[in-house]
Amino acid sequence: MNTNEHEPPTIDKEFNSPRMVFFPIVGDRPKPNSFTFLLHMLEHRSRPRKARAIVPPSEQLRPRRMGVALRVCLAGCLTLLPVGVKADNALFITFGTNVISEAQVIGATRATVGINATLTNALTVTIRNQDPTQVSVPASVSIPAGSNTAAFNVDAVNNGDLDGTRSVTIMVDADGFVAASATLQITDDDTPTHRTIGGRLFGHLSTNTYWVTANLTVETNRTLTIDPLSTLLFASGTGLTNAGTLLAAGNLGAEIRFASALPNPTNGSWEGLTFTSSGAAQTVLDHVEIAFAQTGVLVVPSASQPSFLLTNSAIHHCSLDGVGVHADHLITIDFPAVQLVSNQIYQNSRHGVNIYAYVYGCELSRNSASVVGNDIFQNLSAGVHLNADASRSSGCPAIRRSRVSSLVANNSIHGNKYGIYGYARKGLLKSIGSLYPTIQNNLILNNTLDGVWLDAGVGTHAVAELYPSVVNNTIVRNGGAGILHGTNTTIGFLIENNLVVENNYGILASAVFADSNAAVACNDVWANALSNWINYPSGYGALTTNNLNGTPADPKMNISADPLFAGLEDFRLQPTSPAVDAGSTNRAPTTDSKGQNRVMFPDIGYDEVVQPLLTIASSLDSPGFQLSLTSGRGYQYSIESTTDFQTWVTVVTNVTMTNRTVSVRLPSASGERCRFYRATLQP
Ligand SMILES: [Ca+2]
Ligand SMILES: [Ca+2]
Ligand SMILES: [Ca+2]
C-alpha cells in the first residue's frame, strides 16, 4: 500500500487528551499477531516512523481489511483499539445553539451526540470539556441500544470577569469510534458597574460587588477564593453550596459580605452558605458578614471530618439558624474539624448556633464542633442549641449513639430566649442521643428564659445520656433558671465553679433529683429571685461548713454570697470577692475566658482575678510601712514605685500569694512628697 494515499490526521494541540485517529497499515505481517505501522505524525514529528502494535489473536485482521484505529496521545503513546473499526464509525456532536450567554448557568444549550448507525449495544461516550471555567458538562453520556443519539445539557459558568466573547470546544469520544468536537461561542454579561456570577464557579473573585443570579456551586476538588472587601449579593432563592474549598478571608475593615440582593431584605431573603465538603483543603471564612439568609452557614458534611473554620465574622438576621453544624448518621466531626471562633452571631429567628447529631438504626454519629469566644445575642430561640437526636423509626438492639460533645467556651451569650439549650433524644430500641458537651468560661446573661437548659429522654430499652460538664460559667439575670436540668443524668454529670446569681431560679432540677451520678459543687448560687436550689437534696445550699476562704458553704462547697462584681454591667470579680479561689480544680479550665491562667486555685465564674488590690495595712512607722496585696492564691508579684508616673522602680520582687491577702513591709518614702506603688504579675 502506498502510504501517501492516506494523509494523517492533524492533532488539535489544545487537547491534552487522547485522540482517536485512523492510520493505514503498512508493511507486512511478520508474525500472526502483530503488525508494523508507519506513523505519519505524532506531535512535533514530521517524519514517518515505524511502530509495532500487538493484536490479540481474537481480533486479528484479515489482510485485506487494512483499516485500524489507534489511540494516539500527545505524549506519543499509542494503543491498538478493537479491530474491525471502520472509518464510518465516527461520532458527531451538535449544539442546539452555537452562541450562549454566560448567564445561562442551567441548560444554556442542549448538545446532541451520536453516530451514523444504530447501535446494537448501549455506548458510553466520554465528554471532554476544553475549559471548565466557561461551561460545565457531564463527564459522559450513554447512547442507548437501538438508538444512535443521546443529549446532554451544557451549562454556562457565570463569572464576574469582563472577558468578552470567547469560545470553548467540547469533544466526545468512545472506544472504537472516531472522536468528534464542536465549538460554542460564549458571550459576556458583565460590565464594570454590574457583574453577575452563578453556576459551578471556581478560581478567584477579585475585589468587587457581584450579583449572584443563580446558585453558586464550588464542586469537589475545586477552590473558590474571594478577595477582601468583596460583596456578593444573592438573588432570592439562591445560595452558595461548597463541596470543595471556599477561601473568603477578609480583614478588619475590609470584610467580605454575603448578603441579599434586595434593597430592603428580611430574614431569609436568600438561602445562605452550605458546606458539604469532606476531605478537601480547609474552608476558611474570616472577617465575613453573612446577613438575611435562611441559615447563614450550614456545615453538613458528606463524609466524616470536614475541615471548616469560621472566625471574626458577623452572622445575623437569618430566618433559621445563624450557624448550623450537622453530623448526620455515619458522620463524625471530631475536634478540630469544625471551629466557630470569635464571631458575632445575633438576631437570627431561630438559634444562634445549632449543633446537631443524628443516629439512625445501628449507625452512629458524633459532633464535636467547637464554639469558642463568640458573642451570641438576641436570637429568638437558643443562643447555642445542642441536639443529640435519635431516629424514632429505626433503632438498634445494641446501644448506638448520636453524640454531641462540643466545646462551648469563652462565649458571651445574652438576650436570647435560652442561653444554651441541650437535649439528648431517645430513639427506637437502643438508639439514643448522648449529650456530652463541655460548657465552660461563658458569660450567660439576660436570656429571657433559662441560662442553661439540659435534658435527656427516657425510654423502655434505654435512656438517653446526659453528662455535660458545666464549669466556670457566670450565669446572671436570666428570666428562668440559671441552670435547669433533667434528672436522668449519666455518670459524669458535672456542674462546678459556676456563678449563678440574680436569675429567677438558681439551679433547678426538673423533678426531685437524686444526685448519685452528679458532681454539683463549688458553685456560688446567690440572690436568685424565687429560689437558689430547686428539687435538690436538702444538703445543697445548707451552709453548714466553711470553704478555704472561710466562706460559709454546703458540704459540696457550694456557697451563697455576693460575688462582688467589678461593676453594674461588669461581671468580672473584685479582688476581694468570695468567689476568688473558691472553685474546684476537678474540671476547671486552665485559663479563664480571657486566657488568664487559673493556676492552682480556680475562682468561681468565667473570670479569674489576676491583678491584686493594693491597700496600706499600717501607717508609716519605722522603718517603713506595710502594704497589703489581695488577690488569688498562687500568683507572684513584683512591687514597683514611682513619683512621676514615668519612671517605675522595682521595690520588691517575688511576693507570692500564699493566702488571699499578703502583706509586705516597704521602706518609707523619705524626701518625697508622694510615692505611688503598683504590683506587676511575674510570669
Ligand atoms: Ca464575564
Ligand atoms: Ca457574569
Ligand atoms: Ca484563683
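Scroll up a little and you will see the structure.
The paragraphs below set out a description of the structure included in this document. (Residues numbered from 1 in each chain as written. Chains lettered and ligands numbered in written order. Predicted model: local features only at pLDDT ≥ 70, side-chain atom pairs only at ≥ 80, totals over all residues. Heavy atoms only, no water.)

### Quick notes on the coordination of the calcium ion (ligand 2)
- In the first shell of the calcium ion (ligand 2), the protein supplies Glu102 (OE), Asn158 (OD1), Asn159 (O), Asp189 (OD), Asp190 (OD), Asp190 (OD), Thr196 (O) and Thr196 (OG1), at 2.2 to 2.7 Å from the metal.
- In primary sequence terms, the donor set of the calcium ion (ligand 2) follows E-x55-N-N-x29-D-D-x5-T.
- Between the calcium ion (ligand 2) and the calcium ion (ligand 1), both coordinated by Glu102, there is a metal-metal distance of 4.0 Å. Of this pair, Asn158 sits in the loop between β12 (149-156) and β13 (166-173) while Thr196 sits in strand β15 (residues 195-200), and the two are 38 residues apart along the sequence.
- Among the residues examined, Asn158 registers a relative accessible area of 0% and is labelled buried.
- Overall, Thr196 belongs to the buried group, its relative accessible area being 5%. (Donors = N, O, S within 2.8 Å, 3.2 Å for Na, K, Ca; no water. Helix = DSSP H or I, 4+ residues; strand = E, 2+ residues; numbered from the N terminus. Buried < 20%, exposed > 50% of the residue type's maximum accessible area, 1.4 Å probe, protein only.)

### Let's talk about the state of the cysteines
- Taken as a whole and judged by the stated rule, the model has 1 disulfide.
- Note on cysteine connectivity: Cys362 is disulfide-linked to Cys396, with sulfurs 1.8 Å apart. Linking Cys362 and Cys396, the disulfide has an S-S dihedral of approximately 90° and is accordingly described as right-handed. On the criterion of sequence distance, the pair formed by Cys362 in the loop between β33 (353-359) and β34 (365-367) and Cys396 in strand β38 (residues 396-404) is long-range, its members being 34 residues apart.
- With a relative accessible area of 1%, Cys396 lands in the buried category. (Disulfide = S-S within 2.5 Å.)

### Quick notes on the nonpolar core
- Judged by nonpolar contacts, the single largest core of 78 residues is most densely connected at Leu232, Phe258 and Leu285.
- Counting residues per element, this core draws most heavily on strand β17 (residues 209-218), which supplies 4 residues.
- Three or more residues apiece are contributed to this core by two domains, here domain 3 (327-335 + 352-466) and domain 4 (472-610).
- With sequence-adjacent residues up to four places away left out, Leu232 is seen in contact with Ile197, Leu205, Tyr210, Val212, Leu216, Ile226, Arg257, Phe258 and Ala259.
- Grouped together as the second largest cluster of nonpolar side chains are 29 residues, Phe95, Ile100, Val137 and Ala182 included. (Core = buried A, V, L, I, M, F, W, Y, C linked by side-chain atoms within 4.5 Å. Domains from an automatic or database assignment. Contact = heavy atoms within 4.5 Å.)

### A short note on the coordination of the calcium ion (ligand 1)
- The coordination sphere of the calcium ion (ligand 1) contains the protein donors Glu102 (OE), Glu102 (OE), Asn159 (OD1), Asp161 (O), Asp163 (OD), Asp188 (OD) and Asp190 (OD), at a distance range of 2.2 to 2.7 Å.
- All donors of the calcium ion (ligand 1) belong to a single chain; written as a sequence motif, their spacing is E-x56-N-x1-D-x1-D-x24-D-x1-D.

### What to know about the pairing of strand β37 (residues 382-390)
- Summarising burial for β37: 9 of the 9 residues are buried, a large majority.
- Two elements, β33 and β37, share 7 bridges in a ladder whose sense is parallel. Across the sheet, the residue bridging to Tyr358 is Asp389, located in β37. (Pairing = 2+ DSSP bridges.)

### A few points about the sheet that holds strand β62 (residues 636-642)
- In space, the 3 strands of this open sheet follow the order β63-β62-β65, with antiparallel pairing throughout. Two strands in the sheet have a free side with no partner beyond their single neighbour: β63 (649-656) and β65 (676-681). On average, adjacent strands in this sheet sit at an angle of 25° to one another, irrespective of strand direction.
- In terms of strand pairing, β62 meets β63 through 5 bridges, oriented antiparallel. Pairing of Glu640 across the sheet is with Thr650, part of β63. (Axes fitted to C-alpha atoms, helices over the stretch in contact; angles between N-to-C directions.)

### Looking at the packing of aromatic side chains
- In this structure the tally under the stated criterion is 19 aromatic pairs.
- Ring geometry for Phe493 and Phe513: centres 6.3 Å apart, planes at 65°, overall edge-to-face. A residue pair is termed long-range when its members are at least 10 positions apart, and Phe493 in strand β50 (residues 493-496) and Phe513 in the loop between β52 (505-509) and β53 (518-521) qualify at 20 residues. Each member of the pair, Phe493 as well as Phe513, is classed as buried.
- Look at Tyr635 and Tyr637: their rings are 6.5 Å apart centre to centre, the planes differ by 50°, and that puts the pair in the tilted class. The pair Tyr635 / Tyr637 is uniform in exposure class, with both members buried.
- Following the ring pairs from residue to residue traces out a cluster consisting of Phe493, Phe513, Trp533, Tyr536 and Tyr540.
- Positioned over the ring face of Phe202 is Arg222, at 4.0 Å from the centre of the ring.
- In this structure, Arg678 packs its charged tip against the face of Trp648, placed 4.0 Å from the ring centre. (Phe/Tyr/Trp six-rings, centres within 6.5 Å; stacked < 30°, edge-to-face > 60°. Lys NZ or Arg CZ within 6 Å of the ring centre and 35° of its normal.)

### Let's talk about unusual backbone geometry
- Between Phe335 and Pro336 the backbone carries a cis peptide bond, its omega angle lying at 5°.
- Looking at the secondary structure, you find Pro336 in the loop between β30 (332-333) and β31 (338-341).
- A positive phi angle, close to 65°, is found at Phe292, a residue other than glycine.
- Tracing the chain through its elements places Phe292 in the loop between β25 (288-291) and β26 (297-299).
- Even without being glycine, Phe645 reaches a positive phi, approximately 60°.

### Section: the pattern of salt bridges
- In the structure shown here, the tally under the stated rule is 17 salt bridges.
- In this structure, the salt-bridge partner of Arg200 is Asp155, at a minimum N-O distance of 3.0 Å. Here the residue Arg200 occupies a position in strand β15, and Asp155 occupies one in strand β12, the gap between them amounting to 45 residues.
- Its relative accessible area of 29% is what places Arg200 among the partly exposed residues.
- The class of Asp155 is buried, set by a relative accessible area of 10%. (Salt bridge = Lys/Arg side-chain N within 4 Å of Asp/Glu carboxyl O.)

### Considerations on the side chain of Ser584
- Topologically, Ser584 is positioned in the loop between β59 (570-573) and β60 (613-616).
- When its relative accessible area of 15% is taken as the criterion, Ser584 is described as buried.
- Engagement of the side chain of Ser584 in a polar contact is seen with the backbone nitrogen of Asn586, the distance being 2.9 Å.
- Not counting chain neighbours up to four residues away, the residues in contact with Ser584 comprise Glu496, Asn497, Cys522 and Pro602. (Polar contact = N/O pair within 3.5 Å; in protein donor to acceptor, adjacent residues only side chain to side chain.)

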